[in-house]
Every structure is written in structure tokens, then in C-alpha cells.
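Residue-level structure breakdown
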Amino acid sequence: MSIKYKILKAIDVAGLNFLRPVILLCYGEEPEEQIRKIGLFIAVPIMAFCLFLYLWGLFAPMHKTKSGEVPTPSVVWDSAKGVWAFHVREKNKANAYNLEGDSRDKLLEQAQTRLSELEPMVARVNEQLAEADGAMQSSLASKIEPIKAELDSSKNAMREAQKARQADLQARAKAIAADDTAAKEKLLEDYRAHLAQIETERESLRSYEEQIDEIHNADFPQRAEAIRAQSAIAEERQYLVKLIDTLENNRQQKLSDIETRLEGFESSYYEASGADLLKHAKSITRTESLMVNAADSEYAKPMTLPDQVLRSVACVFAGFLVASLIAIPVGIVCGLSPIMMSALTPFIALFKPVSPIVWLPIFFIIVGGFIPDPDKHWLIAGLAELPLIGWMKINPAFIASALTVAMCSLWPTLVNTALGVASIDKDHINVARVLRLGFWSRLIKIVIPSSLPLTFAGLRISLGVGWMVLIAAELLSSSEGLGKFVWDMFNNGSSQTFAQMFVVVFVVGIIGLLLDRIMIVFQRLVSFDESPTSI
């Protein structure tokens, strides 16, 4: 097989058929047709996405919220870079806690040098911010003062007009006789008109106040740039101060200090006599305990967004694995036995539409019954010791979220597996009977291989459903994943966290796309037809 056909086969298996005309164009096959397809399947989607970004950037600033304007694509991109920078810095601090020797000394020197370089930059950016504030205040004053003058003039004119109308009404009221009903009705009508006029005048005054508020809330690019620069330097400075503190008090330094103290206590112990021996013995054992704790200590690194992404992916795969282990065998049994299919159909119809918001608290209670004290439970302790998953700090919230994913995502796999088994060509079954194959031989050699395409189609749908369910489950359970990140950002309520929520939208979408592509590859590997992969 030539390289061209190997590439085309790989593209087909991966479900990336939009790249097919690019490969064929490189080999010179029907250039006009391939260029047309490239324009249709690549250029048009790119143009549509660019149009989406343009419209987003155009309309986002028009909508004001309690957290500020809806962030534009550039703001979201800057926020994504900030999230990644925070992750890198926290990882560096965690690594610094374990450094020793020349590596520690070199990093400490670099951090101190960089910190000294930031001092003049801090003074310079503070001056720029002060200049920007002065320019902004001057600009605001020149724009606001004319409006305030008009506002004051309008207030005075309206106040005088209201007094005149009120005086006229009072004079007319005094002149109306007790039996003059028509005059009284006219006075009442005019008084209502007077109140309506007052409300109209107030509305006109509010328009001036809204203009002043708009001027105050308008962006001032020079000041905004100075604030961003000041924030960036302040964040880097804070990071360097913490990094230096971590390096100066990391594990090796703590152990060294404790060893020095232990040597002193041991020396005092062997020099002492009588009742003092017990006192020094207590100091020695206490210091030895401190040394053990220091040797086992780890840097208290917070969960950053990439860490939460990994935890969410691990949680969805845990739930997906549980769902698959249940759905595939049950689906095979249902496909082989019409009686079993009839028996389980009501349960499928009943439980399939149930929301994850309902399942999550139920599993929370069930998991809490099995694990009343997570800190001392053997399962949690055993999982924490495993090298691959110990870093995730699995807890009841993680388990409840995974079970919720399993419960909500198993139905597509179960139904598709049952359909795939029930749709096996009868000729295959007849051949198995002729060959007198036993139940397990028929199951392994005929039933499962024939149903794999539909089974993997169900698995693909289940994984997508599980990924959507997981975010809601983590948000409600406070499991340390993407859902909790979104909830924390929502509760923070600042413009920066608002932008980070948009970052999570794209992170969730990209991961969902990758998971779907992975399942497409497996689906194509077990498919027997050459039909193109769906989107």
C-alpha cells in the first residue's frame, strides 16, 4: 500500500475526512475539485468561526452585567494566558519545595535577581497610572461639566415651573365654591396633569444622570493599560516573594534545621544525668517525630485549572468505565433474550430521562453511608497510595460524581448493544448451529464481533453524555473539577472570573471534541463498512 493510501486510511479512521482533499491535492488528483472541497470543508468553517469571533467582539461590550461587560475574545484569551501562568507558577513553587543543593541555590539567585529588577518597573508603572488617572480626570471634567451645568439649569427651571403650577392650583382651589362640581373635576384633572408633568421632568433629569454615568463607566485605554501592567507586575512580584520564601524554607532546609536541633538535644542528653535525662529524651523523640513529618511533607499546592481538567477527565472515565461494565453485558443479554428485553424496557424508559441533579444527592447519601469517615476509610486510603491516581485525592464527592455519570450515560450503550446483538445476521447464527458451537463460543466468535459497531456507537454517545453530566455533578457536589471551578468563579463575581468562565466553555468544548474523536477512532476500527464518519 502506498503512502497516499495509508494517509487516507488514517484520516478516515480518525474521522478527519475534511483533510482528504488536501492530501489528494498534494498528489495532483483533480485539482479543481479538491480546491472546491477545501473551500467548502475548511475555508467556509474557518470563515464562519472568524465571523463568530467578530460578532462576539462587536456585541459583547454592549451588554452590561453586575460583573462588568461581557468579555470579548481578546479578554478571554488574556484570561486563558493568566490561568496558565498561575498553573505554571504554582507548579514551580511545588517543585521548589523539593529542590536541594545547587539547583535550589541557582533558582533562589534567579528569583532574587528578577525581584530586584521589578522594583524600578513598579515605580515606573505607578507613575504611568498616576499620569493616566490625571488625564482621565481632566477628560472626564471637560465632558461632565457642561452636562452638569445643563442639569443644574434644568433642575432650577423645573423647580420654578413646579412652584408656579402649584401656586396656580392653590389659588384656583381657594376660588372654587362648595357646589361647583365642574370646577372641582377640572381642578382634579389639572392636578393629575401636574403630577404627570413632575414625573416627565424627573425622567428628563435622569437622562442627564445617565449620560454622566456613561462617561464615568467609559473605557479609558491609557488607564486600563496601566492597570493591566501594574497588575501583571504585582502578580509576578507576589509569585517571586512566595517562591523565595518556599526555597528558603523548603523541605531540605527544614530537615537541616531539625537535624541541627536533634544533634544539640542528643549532645545534651549524653552530657546530662539524673532527672534531666528524661527531659532531654522527650526533646529527642519530639524532634525525631518532627523530622519524620518534615520528610513526608508536601507543598500545599492549590488545584489549578489544568489539574481540575485532569481530575474531571479521570472522573468521567471512571463513570464511563462503570457504565460500560454494566451496560454491555446487560445489553448483550437483552439482545439475546426477548424476555429479558421486555422485562428491562420499563426500567430503561423510567430511569433514562432522570436528571443528574436528581441522581447526585441520592448517590451522595449512598456513598456517605459506605464511607462515613473518608479520612480513615480503607478504600480512600488505598486509592491515595496508588501512584497513578493518588494525586487526585479521591473522596466521596468524586465517587458520587462518577456514579452519577455512570447512571446517566449507560443507557445509550445498553440500547445500542441490545440492538446490535438482536440485529445479527441469522445466517451467522445458523452456521454456528451447524458447527455445533457452544454458547460461549457463539458469544465470543459471532455475537460480540457482529455487534461491536453499534456497541461503539453507543459508547461514543455515552461518553458525550457523561462529559456533559459531569460538569453539573461537580458543580453541585463541590468535587475538585471543572464544575467547581465554574461555581467558584460565579460566586466571585468579578470581571476577571467572568472571563475565566468563558475560558472553561472552550476547555470543556475542546476536551469533549477530543473524547468524541477518540471514540470515533475505536468505532471505525471495529466497523466493517466504508461509510464516512458522521460529524
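Residues numbered from 1 in each chain as written. Predicted model: local features only at pLDDT ≥ 70, side-chain atom pairs only at ≥ 80, totals over all residues. Heavy atoms only, no water.

**Brief notes about the overall build of the chain**
Going by this rule: Secondary structure elements follow DSSP: runs of H or I no shorter than four residues count as helices, runs of E no shorter than two count as strands, and numbering proceeds from the N terminus. Just to be clear, the radius of gyration here is over C-alpha atoms, and the globule rule we use is 2.2 Å times residues to the power 0.38. With a 1.4 Å probe rolled over the protein chains alone, any residue whose accessible area is under 20% of its type maximum counts as buried; one over 50% counts as exposed, and the rest are partly exposed. Any two residues whose heavy atoms approach within 4.5 Å at even a single point are treated as in contact. Only the protein chains shown count as cover for residues, with accessible areas throughout obtained via the Shrake-Rupley method and a probe of 1.4 Å. In this tally Asp and Glu are treated as negative and Lys and Arg as positive; neither His nor the chain ends contributes. Note that the charge is assigned to NZ on lysines, CZ on arginines, CG on aspartates and CD on glutamates.
What the chain contains, in helices and strands, is 18 helices and two strands. Radius of gyration (C-alpha) of the chain: 36 Å, far over the 24 Å computed for a compact globule of 535 residues. Across the 535 residues in the chain, those meeting the buried criterion constitute 33%. Once local pairs closer than 6 in sequence are excluded, the contacts in the chain between residues at least 24 apart make up 74%. As displayed, the chain has an accessible area near 32500 Å², and 63% of this comes from carbon and sulfur atoms. Put simply, the chain has 53 plus and 61 minus side-chain charges, and the middle of one group is 7 Å from the middle of the other.

**Remarks on a nonpolar patch on the surface**
Quick note on the threshold: Within this analysis, patches are made of residues with over 30% relative accessible area and no salt bridge. Like charges are joined at 9 Å or less; nonpolar side chains (Val, Leu, Ile, Met, Phe, Trp, Tyr) at 5 Å or less. By salt bridge we mean one thing: a side-chain nitrogen of Lys or Arg within 4 Å of a carboxyl oxygen of Asp or Glu.
Where nonpolar side chains cluster on the molecular surface, the patch consists of F49, F52, V505, F506, I510 and L514 and spans about 570 Å² of accessible area. When residues of the nonpolar patch are traced back to their parent elements, those giving at least two are helix 3 (31–59) and helix 18 (495–525). By the secondary structure assignment, F52 is in helix 3.

**Regarding unusual backbone geometry**
Backbone geometry places E30, a non-glycine residue, at a positive phi of 45°. Within the element layout of this structure, E30 appears in the loop between helix 2 (20–26) and helix 3.

**A few points about the domain arrangement of the chain**
As a measure of interface size, the accessible area lost when the parts come together is often cited. Put simply, the test is: Residue ranges labeled as domains rest on an automatic or database domain assignment.
Looking at the assigned domains, one finds that the chain contains domain 1 (3–62), domain 2 (102–226), domain 3 (233–296) and domain 4 (305–526). For domain 1 versus domain 2, the separation of C-alpha centres amounts to 52 Å.

**Some thoughts on the side chain of S324**
With respect to the helices and strands, the residue S324 is situated in helix 10 (residues 305–336). Residue S324 is classed as buried on the basis of its relative accessible area of 12%. Residues in contact with S324, not counting those within four places in the same chain, are P329 and L459.

**Points about the packing of helix 8 (residues 251–271) against helix 9 (residues 276–296)**
Rules: In this description, a line fitted to the C-alpha atoms serves as the axis of each element, helices being fitted only across the stretch in contact, and the angle between N-to-C directions of two axes falls anywhere from 0 to 180 degrees. The scheme is simple: roughly parallel for angles under 35 degrees, roughly antiparallel for over 145, roughly perpendicular for 65 to 115, oblique for anything else. Crossing chirality is assigned from the near helix's rotation relative to the far helix, an anticlockwise turn below a right angle marking it left-handed and a clockwise turn marking it right-handed.
Direction vectors running N to C along helix 8 and helix 9 enclose 165°, while the axes themselves pass 9 Å from each other. With respect to their mutual orientation, helix 8 and helix 9 come out roughly antiparallel. The hand of the helix 8/helix 9 crossing is left-handed. Here helix 8 contributes R251, L255, I258, E259, R261, L262, F265, E266, S268 and Y269 to the contact with helix 9, which in turn contributes L277, H280, A281, S283, I284, T287, E288, L290, M291, A294 and A295.

**Considering a negative patch on the surface**
A surface patch of like charges, here negative, comprises E209, E210, D213 and E214. Take E210: it is sitting in helix 6 (residues 181–217).

**Brief notes about the environment of F351**
Its place among the elements puts F351 in helix 11 (residues 338–351). For F351, the residues in contact, after removing those within four places along its chain, are W359 and W411.

**Regarding the nonpolar core**
Which entries qualify depends on this criterion: Think of a nonpolar core as a cluster: buried Ala, Val, Leu, Ile, Met, Phe, Trp, Tyr and Cys residues, connected wherever their side-chain atoms sit within 4.5 Å.
Core analysis: the largest hydrophobic core is formed by 51 residues, its most contacted members being L305, L410, W467, L482 and V504. Elements with a contribution of two residues or more to this core: helix 4 (73–98), helix 10, helix 12 (356–370), helix 14 (396–422), helix 16 (439–477), helix 17 (482–492) and helix 18. With eleven residues, the single largest contributor to this core is helix 14. Excluding its chain neighbours within four sequence positions, the residues that come into contact with W467 are S312, V313, V316, L482, V508, I511, G512 and L515.

**Notes on the packing of aromatic side chains**
This is how the line gets drawn: Pairs were defined over the aromatic rings of Phe, Tyr and Trp, the Trp ring being its six-membered one, requiring ring centres within 6.5 Å. Orientation was assigned from the angle between planes: stacked under 30 degrees, edge-to-face over 60, tilted for the rest.
Following the criterion strictly, the structure yields twelve aromatic pairs and no others. With a centroid separation of 5.6 Å and an interplanar angle of 25°, the aromatic rings of W487 and F490 are classed as stacked. Residue W487 and its partner F490 are located together in helix 17, separated by three residues, close to a single helical turn. Owing to a relative accessible area of 36%, W487 belongs among the partly exposed residues under this scheme. F490 sits in the partly exposed class, given a relative accessible area of 46%.

**Structural notes on the pattern of salt bridges**
As enumerated under the stated definition, the model contains 20 salt bridges in all. With a closest N to O distance of 2.6 Å, D190 and R172 form a salt bridge. Of the two residues, D190 sits in helix 6 while R172 sits in helix 5 (residues 101–175), which places them 18 residues apart along the sequence. A residue is classified by how much of its surface remains accessible, and D190, at 18% relative accessible area, is buried.

**What to know about helix 9**
The line we're drawing: The span expected for a helix works out to 1.5 Å for each residue beyond the first. The arc in question is the one traced by the directions running from the helix axis out to the C-beta atoms.
The end-to-end C-alpha separation of helix 9 is 31 Å, in line with the 30 Å expected for 21 residues at 1.5 Å each. Listed in full, the buried residues belonging to helix 9 are H280, S283, I284, T287, M291 and A294. Seen end-on, helix 9 carries its buried residues on one side only, within an arc spanning 100°. Seen from the buried face of helix 9, the exposed residues on the opposite side, beyond 90 degrees, are L278, R286 and D296. Looking at the buried positions of helix 9, the neighbouring elements they touch are helix 8.

**As for the environment of R89**
By the secondary structure assignment, R89 is in helix 4. In this structure, the C-alpha to C-alpha distance between R89 and L240, residues 151 residues apart in sequence, is 9.1 Å. Those residues in contact with R89 that lie beyond four places of it in its chain are E235, E236 and Y239.

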